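Structural description and commentary
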Amino acid sequence: MSKSALITGITGQDGSYLAELLLEKGYTVHGLVRRSSTFSTERIDHIYRDPHEKTQMYLHYGDLTDGQALTNLTLDVEPDEIYNLGAQSHVRVSFDQPVYTLQTVGVGALNVLEAARLLNKRKPVRVYQASSSEMFGDVIETPQKETTPFRPQSPYACAKVYAFHQTINYRESYDLFACNGILFNHESERRGETFVTRKITRAAGRIKMGLQKKLYLGNLDAKRDWGYAKDYVKAMWLILQQEQPEDFVIATGETQTVRSFLELVFQQLDLDYRDYVEIDPRYFRPAEVELLLGDPSKAKEKLGWTAETDLRELARIMTEHDLELARREAHAENYVTSK
Ligand code: NAP
Ligand code: F7E
């Protein structure tokens, strides 16, 4: 019989790639979707299945903060695997909405674990928790690995630390197969447009097409270990296929500054970023994470996983995609003005 999975955050960047991967593997996929006044399923619309196909994707309304409904849903669909990817995932925004961030990221994860604990009494279930390199924060050692102590620097990171420990607590207290993937930054053409890589590729494409003149950014000296989201969802799946539940760092093992990413993208479009970029202190954070660099050796050894896409290739994929988007925008604008 085919396996089934429940994904929270299915409408997000990672949720959409993971849903694609699991459908390809023959899973039935259930996704938790927040009700909103406009459609939020843009990233997954292309994978709705013909009702006659064997593997299916079902969407269910819900919210991570509504534990009762989440438990009802979990007991109802009885997934073999739960991937908790839902979150208020923006670090800068978490300073403006610390309580809300804790509710979705921290209490939300606890709600998922409680639902899994109850289901686990009936049938075995495995849980993946989307932990983050942000937990390392003001790093105590470099590169960061599974044993590196946390020093979180934002409400988001503090909430992720709480969820990380609860995941281990449920594993040890209730014998639940629950694992943390400590993922370093991963990006794609589906990345939210307010994260720095996508903000840069979107702006570069629009500048090239004459739709935008300036790009306002914050700290260009921060260093991140950036990978490609499509590679990283494979690691999520592998983590839940192991014999024993364990936690893994998922990273490329390379780090670069925001400035280097800017250079890569603008050079690709034959532009000099210095002609367009201005620093706006609004994008500085009350506390910054200056350097992240992951050590993915455990993932390589035990999961057989390595990052397949380097930063240059990632920048190329995102830049090409966003140039095409800007072309279409320019075309639509010309069409309207010529009418
Ligand atoms: P994302 O694109 O921001 O997606 C977040 C998802 O969570 C969206 O589907 C969003 O729904 C949903 N969500 C937000 N609040 C919710 C709530 N209260 N109840 C239910 N769903 C809610 O994030 P991502 O980049 O795919 O990241 C996936 C997960 O990995 C997140 O937990 C993130 O914190 C973590 N993570 C990300 C990275 C990274 O570099 N991308 C690295 C480490 C860890 P809407 O579409 O309705 O907003
Ligand atoms: O910032 C700097 C900013 O917002 C990266 C989330 O997925 O990864 C992500 O968190 C760096 C920071 O990602 C702008 O100060 C400069 O140093 O793209 P970001 P993040 O904060 O690293 C982790 C692993 C997660 O878990 C999170 O969910 O870029 N930066 N100028 C800027 N950042 C933004 N957003 N906007 C700027 O204008």
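Report follows, based on the coordinates. (Residues numbered from 1 in each chain as written. Chains lettered and ligands numbered in written order. Predicted model: local features only at pLDDT ≥ 70, side-chain atom pairs only at ≥ 80, totals over all residues. Heavy atoms only, no water.)

With respect to the site of ligand 1
What surrounds ligand 1 is a group of 24 residues, the closest being Thr11, Asp14, Arg34, Ser89 and Tyr156. Between ligand 1 and the protein, one listed contact pairs an oxygen atom with a backbone N or O atom of Gly12 at 3.0 Å. In the environment of ligand 1, an oxygen atom lies 3.1 Å from a nitrogen or oxygen atom belonging to the backbone of Ala87. In the complex, 89% of the free accessible area of ligand 1, which totals 900 Å², lies under the protein chains. Sort the elements by how many residues they give to the shell around ligand 1 and strand 5 (residues 126-132) lands first, with three residues. A breakdown of the residues in the shell around ligand 1 according to their chemical character gives eight nonpolar, eleven polar and five charged. (Near = heavy atom within 4 Å. Polar contact = N/O pair within 3.5 Å; in protein donor to acceptor, adjacent residues only side chain to side chain. Areas by Shrake-Rupley, 256 points an atom, 1.4 Å probe, with all protein chains shown as cover. Helix = DSSP H or I, 4+ residues; strand = E, 2+ residues; numbered from the N terminus. Nonpolar A, V, L, I, M, F, W, Y, C, P; charged D, E, K, R; others polar.)

What to know about unusual backbone geometry
Geometrically, the link from Thr142 to Pro143 is a cis peptide bond, its omega value of 0 degrees lying close to zero. Structurally, Pro143 can be placed in the loop between strand 5 and helix 5 (155-174). Although it is not a glycine, Glu78 adopts a positive phi angle of roughly 45 degrees. Note on placement: Glu78 falls in the loop between helix 2 (67-77) and strand 4 (81-84). Residue classification places Glu78 among the partly exposed residues on the basis of a relative accessible area of 30%. For Asp175, which is not glycine, the phi torsion reads 60 degrees and is therefore positive. With respect to the helices and strands, Asp175 occurs in the loop between helix 5 and strand 6 (177-183). Looking at Asp175, the relative accessible area reads 68%, which means it is exposed. (Buried < 20%, exposed > 50% of the residue type's maximum accessible area, 1.4 Å probe, protein only.)

Side note on the side chain of Thr201
Looking at where Thr201 falls in the secondary structure, it is placed in helix 6 (residues 196-208). Its relative accessible area of 0% is what places Thr201 among the buried residues. The contacts of Thr201, once residues within four sequence positions are left out, are Phe261, Val265, Met318, Thr319 and Asp322. (Contact = heavy atoms within 4.5 Å.)

As for the nonpolar core
Considering soluble globular proteins, one finds that nonpolar side chains tend to be buried as a cluster. Counting residues in hydrophobic clusters, the biggest one holds 62 residues, and the most contacted among them are Tyr83, Ile250 and Phe266. Broken down by element, the residue count for this core peaks at nine residues, all from helix 7 (residues 229-240). Per-domain counts for this core show at least three residues from each of domain 1 (4-188 + 226-250) and domain 2 (196-222 + 255-290 + 309-338). Apart from residues lying up to four places away in sequence, Phe266 is in contact with Ile200, Ala204, Ile207, Leu215, Leu271, Asp272, Tyr273 and Tyr276. Judged by nonpolar contacts, the second largest core, of 16 residues, contains Leu73, Leu113, Ala116 and Leu176. (Core = buried A, V, L, I, M, F, W, Y, C linked by side-chain atoms within 4.5 Å. Domains from an automatic or database assignment.)

As far as function goes, none of this settles anything; it's purely spatial.
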